[in-house]
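# Descriptive structure summary
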2 protein chains.
Amino acid sequence: VARLPVVVTRTGSGVRTANASRLVRELHTAGPLTRSELAARSGLNRSTVGGIVWELAAAGVVVESASAAPSGSGRPSHVVAFAEGRVWALAAELSPAAVTVARVEPGGHIVAKVRDERRRGGTDPAADAELIGRLSAEWGGELGTMVGAAVAVHGIVRRADGLVRLAPNLGWRDVAFGELLHAALGVEVRVANEADLGALAEHARGAALGADEVVYVSGDTGVGAGVLAGGRLLGGRSGYAGEVGHMVVDPGGRRCHCGGRGCWETEIGASALARRAGRRRVGVAAVVAAARAGDRTAIEAVGETGRWLGRGAASLVNVFDPELVVFGGALRELFVAAEATVRAELRRSALAASAADTELRPAALGGDSALLGAGELALEEFLADPAGVGAGSAQTVP
Amino acid sequence: VARLPVVVTRTGSGVRTANASRLVRELHTAGPLTRSELAARSGLNRSTVGGIVWELAAAGVVVESASAAPSGSGRPSHVVAFAEGRVWALAAELSPAAVTVARVEPGGHIVAKVRDERRRGGTDPAADAELIGRLSAEWGGELGTMVGAAVAVHGIVRRADGLVRLAPNLGWRDVAFGELLHAALGVEVRVANEADLGALAEHARGAALGADEVVYVSGDTGVGAGVLAGGRLLGGRSGYAGEVGHMVVDPGGRRCHCGGRGCWETEIGASALARRAGRRRVGVAAVVAAARAGDRTAIEAVGETGRWLGRGAASLVNVFDPELVVFGGALRELFVAAEATVRAELRRSALAASAADTELRPAALGGDSALLGAGELALEEFLADPAGVGAGSAQTVP
């Protein structure tokens, strides 16, 4: 069997780390694999794979078990998988509606999740950090090692240092939330935009798997996008790219909290849907459910909001020529409910050349896209140096 | 003096070609350089540089001359430059108003240019190809070797094969213009979108030099953009990305020839300006001149069109978070005339975080951005293998 040549430029432990990283990334993306599959996918030879698996197993990071389906040769085929409960990352999402905190294990598994609905007006950064810190401490008392932490924020986040520049729906401006949480957790915390992280997760293991040109539009009260071009997340100069909720779609339209007028967000956000449905309480699911039940006002509200969704999506298709537009957050529910309308409006408003091959899809990770994206970010250091993390902290496992 | 390590993965002539390419790209970008400067910039040692320069000089591609300013050591410092009239590329631009053809030499010099204004309704692809072929034949009779040809089209161009999918202002749909021109020229022809090529040229040697996050918006009757993200041109799935002229900016607005309604193009294109100025003849320069001369209707037309320019630019700033927005084509004139209005509208409509650091600039290459971009594309093969082209065709030089 021909093997891919392995080009290594580092020596000694650098090579070992790189090879170990390669293997755990395969497990992280594809799930449990046999040693042969690991060798084939990674391009490493079997003895190298065997050595790394042995090391990772000794550190408790992976486990090997005889496969239920023996290979044709009669020899048992050992399956390598992450040890459950051993390595985990803390992922959090801060939205206007709730603080959600999850324990995410390699492979993209959410093994525990707590959602704390916000009381009215309760969006104090210190309180959010304290809540996350408390949950992390509880989980930290259990088995395993926390290898990283990341937070998805519904707002504009500076890429260089994770400063939350503006999160109007949280009422935040220039909040160094990462530092705040670092103080509570004692580990470094990465902070990123919710839509960017959602796009990463949908690309890694969701609706955008295998696609390199993707616009992931996510929304609730606010609307933003994570855009993948050539498989890489667009950041712009400071990481603020993708603020599609503030494309001006109607110059004579409504005032937006950003100071502008007629932003897309004012037409497709959860508040717009509630307004059209004549409801004081903002909640996309409730209006969609009422429309399904035959409520005329709700049906019209969903239709009109869907038209605006399609119209703005058409602009994005013209600007990005994506393979795929994925709708996440509450826009997922809106898209599913108004799909025919959205598609019709897209056909009407987008250039035929670009729209012809563009697929529209709901997010596949349900409401967990951003949380799983934060998990990806928080696991990154472990994935880059799995033996280091495993070996260095093995003594913390009872 | 410490030299940068040169990593070479190819052997024999592959290395020589790569090294020669490296040197001519330095000359192409920076202009004439001494051997020492070439060595320092390329990371190659002096004897390698000397050998390559000798070879390229023997092929007539470069010339060496004693510098007017001798170096401090007293030794004469030889300056290496492209030989004028030796290597050239054919660059053309097809706009609704004219066919422009240029002879472009390495270093980005337009040494000859012919602009053929279109008669009313005269946008027959075959006629355009014939005109370009005729000019190329005339120039081909002169000194030098044509090393490539490229065409900038004001329309949507498929990246894979250069098919003009739609150029509404030319009245073209699915025109394989590259093949048509290939038949007339006998050499391969690259075809690309006008705004994409303008962006490349402004990045290589214009207003966007050194910037990696750039939105270059170009317009006349139609409006499009070339977007650089991380220094690379956004293409999207098929190369249609950047059709910002068809962002819907006013759903109740005017019908667009694309079939949509309220596209940005219908508010900032040359026809919109003419309409507001009460003119039947479309021409941005004339309205801008009239406004400068104090014509009230023209002043108002420029102001209102400038407001729409700023409004749409705000959406692009929110979507891309660029370092720089560059206005090209006729939008250059409009931007210069309405600059204060455009800036005010941008401040009003864009997110402060993104807009704060975004610069707005007119294109620096005047009306030649797209033509020079086509030149870049047409010279690419020569720049990748300069000795091959030079040596193989040296005998065609008298």
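Definitions and limits used
- Residues numbered from 1 in each chain as written.
- Chains lettered and ligands numbered in written order.
- Predicted model: local features only at pLDDT ≥ 70, side-chain atom pairs only at ≥ 80, totals over all residues.
- Heavy atoms only, no water.
- Helix = DSSP H or I, 4+ residues; strand = E, 2+ residues; numbered from the N terminus.
- Rg over C-alpha atoms; globule rule 2.2 N^0.38 Å.
- Buried < 20%, exposed > 50% of the residue type's maximum accessible area, 1.4 Å probe, protein only.
- Contact = heavy atoms within 4.5 Å.
- Areas by Shrake-Rupley, 256 points an atom, 1.4 Å probe, with all protein chains shown as cover.
- Lys, Arg positive; Asp, Glu negative; His and termini not counted.
- Charge placed at Lys NZ, Arg CZ, Asp CG, Glu CD.
- Least-squares fit on C-alpha atoms with pLDDT ≥ 70 in both.
- Expected span 1.5 Å × (residues − 1).
- Polar contact = N/O pair within 3.5 Å; in protein donor to acceptor, adjacent residues only side chain to side chain.
- Phe/Tyr/Trp six-rings, centres within 6.5 Å; stacked < 30°, edge-to-face > 60°.
- Lys NZ or Arg CZ within 6 Å of the ring centre and 35° of its normal.
- Pairing = 2+ DSSP bridges.
- Buried area = accessible area lost by both parts, 1.4 Å probe.
- Salt bridge = Lys/Arg side-chain N within 4 Å of Asp/Glu carboxyl O.
- Axes fitted to C-alpha atoms, helices over the stretch in contact; angles between N-to-C directions.
- Left-handed = near helix turned anticlockwise from the far one by under 90°.
- Nonpolar A, V, L, I, M, F, W, Y, C, P; charged D, E, K, R; others polar.
- Patch = residues over 30% accessible without salt bridge, like charges linked within 9 Å, V, L, I, M, F, W, Y side chains within 5 Å.

### Topic: the overall build of chain A
- Along chain A, the regular secondary structure elements total 15 helices and 16 strands.
- Scaling as 2.2 N^0.38, a compact globule of 398 residues should have a C-alpha radius of gyration of about 21 Å, and chain A matches this with 23 Å.
- A total of 398 residues make up chain A; the buried ones form 55% of that total.
- Contacts in chain A between residues far apart in sequence, at least 24 positions, make up 63% of those at least 6 positions apart.
- Total accessible area on chain A is roughly 16600 Å²; 50% of this is exposed by carbon and sulfur atoms.
- Side-chain charges of chain A comprise 42 positive and 43 negative groups, with the mean position of each set lying 2 Å from the other.

### Points about the relation of the copies chain B and chain A
- Each copy of the sequence occupies a distinct position, and chain B is placed on chain A by a rotation of 180 degrees and an axial shift of 0.1 Å, giving an RMSD of 0.1 Å. Overall, the copies show the geometry of a two-fold rotation axis.
- Of the residues that chain B buries at the interface, 100% are likewise interface residues in chain A, meaning the two copies contact each other through the same surface.

### Description of helix 10 (residues 296–320) of chain A
Residues and elements named next belong to chain A.
- An ideal rise of 1.5 Å per residue puts 36 Å on 25 residues; helix 10 measures up with 36 Å between its terminal C-alpha atoms.
- Here helix 10 lies mainly inside the structure; 19 of its 25 residues are buried.
- Two or three places before T297, at the start of helix 10, stands the capping residue D295, its side-chain oxygen 3.0 Å from that residue's backbone nitrogen.
- Backbone geometry just downstream of helix 10 places D321 in the positive-phi region, at approximately 45 degrees.

### What about the packing of aromatic side chains?
- Taken as a whole and assessed by the stated rule, the structure comprises 9 aromatic pairs over all chains.
- Where F320 of chain A meets F320 of chain B, the ring centres are 5.2 Å apart and the plane angle is 55 degrees; that geometry is what we call tilted. With one member in each of two chains, F320 of chain A in helix 10 and F320 of chain B in helix 10 (residues 296–320) form a pair that bridges those chains. Neither F320 of chain A nor F320 of chain B differs from the other in exposure class; each is buried.
- With a centroid separation of 6.3 Å and 90 degrees between ring planes, the pair formed by W88 of chain B and W139 of chain B is classed as edge-to-face. Remark: W139 of chain B occurs in helix 4 (residues 125–140) and W88 of chain B occurs in strand 4 (residues 87–94); sequence separation between them is 51 residues. Taken as a pair, W88 of chain B and W139 of chain B share a single burial class, namely buried.
- Directly above the ring of W308 of chain A sits R311 of chain A, whose terminal nitrogen or CZ lies 4.5 Å from the centroid.

### Notes on the sheet that holds strand 10 (residues 172–175) of chain B
- As summarised here, the arrangement of the 3 strands in space is 8-9-10 (chain B), forming an open sheet in which the pairing is antiparallel. Of all strands in the sheet, those with a lone pairing partner are strand 8 (156–157) and strand 10 of chain B, marking the two edges.

### Points about the interface of chain B and chain A
- The interface is formed by 39 residues belonging to chain B together with 39 residues belonging to chain A.
- Surface buried jointly by chain B and chain A totals about 3200 Å² across both partners, of which 63% is contributed by carbon and sulfur atoms.
- The largest per-residue losses of area from chain B upon contact with chain A belong to R237, V319 and L351 of chain B, which jointly make up 20% of the total buried on that side.
- Here chain B is connected to chain A by 0 salt bridges.
- For the pair chain B and chain A, the interface holds 18 residue pairs in polar contact (both at pLDDT 80 or more).
- Among the secondary structure elements, those contributing two or more residues to the side of chain B that touches chain A are helix 10, helix 12 (339–349) and helix 13 (352–355) of chain B.

### Things to note about the packing of helix 4 (residues 125–140) of chain A against helix 5 (residues 177–185) of chain A
Residues and elements named next belong to chain A.
- Remark: helix 4 packs on helix 5, axes separated minimally by 9 Å, with the N-to-C direction vectors making an angle of 35 degrees. Between helix 4 and helix 5 lies a crossing whose hand is right-handed. The segment helix 4 lies against helix 5, with P125, A126, D128, A129, I132, G133 and S136 engaging F177, L180, L181, A184 and L185.
- When its residues are assigned to classes, the contact of helix 4 with helix 5 shows 9 nonpolar, 2 polar and 1 charged.

### Observations concerning a positive patch on the surface
- A surface patch of like charges, here positive, comprises R159 and R232 of chain A together with R159 and R232 of chain B.
- Note on placement: R232 of chain B falls in strand 14 (residues 232–233).
- Its relative accessible area of 66% is what places R232 of chain B among the exposed residues.

### As for the environment of E179 of chain B
Residues and elements named next belong to chain B.
- On the secondary structure map, E179 appears in helix 5 (residues 177–185).
- You can call E179 exposed: its relative accessible area is 62%.
- In this structure the C-alpha to C-alpha distance between E179 and R190, which are 11 residues apart in sequence, comes to 9.3 Å.

### Quick notes on the sheet that holds strand 13 (residues 223–229) of chain B
Residue and element names in this part refer to chain B.
- Taken in spatial order, the 5 strands make up an open sheet running 14-13-12-15-16, and their pairing is mixed. Two strands lie at the open edges of the sheet, namely strand 14 and strand 16 (359–362), each paired on one side alone.
- Inspection of the sheet shows strand 15 (residues 324–329) paired to strand 16 by 4 bridges, in the parallel sense. Its bridge partner lying in strand 16, V326 is registered against R361.

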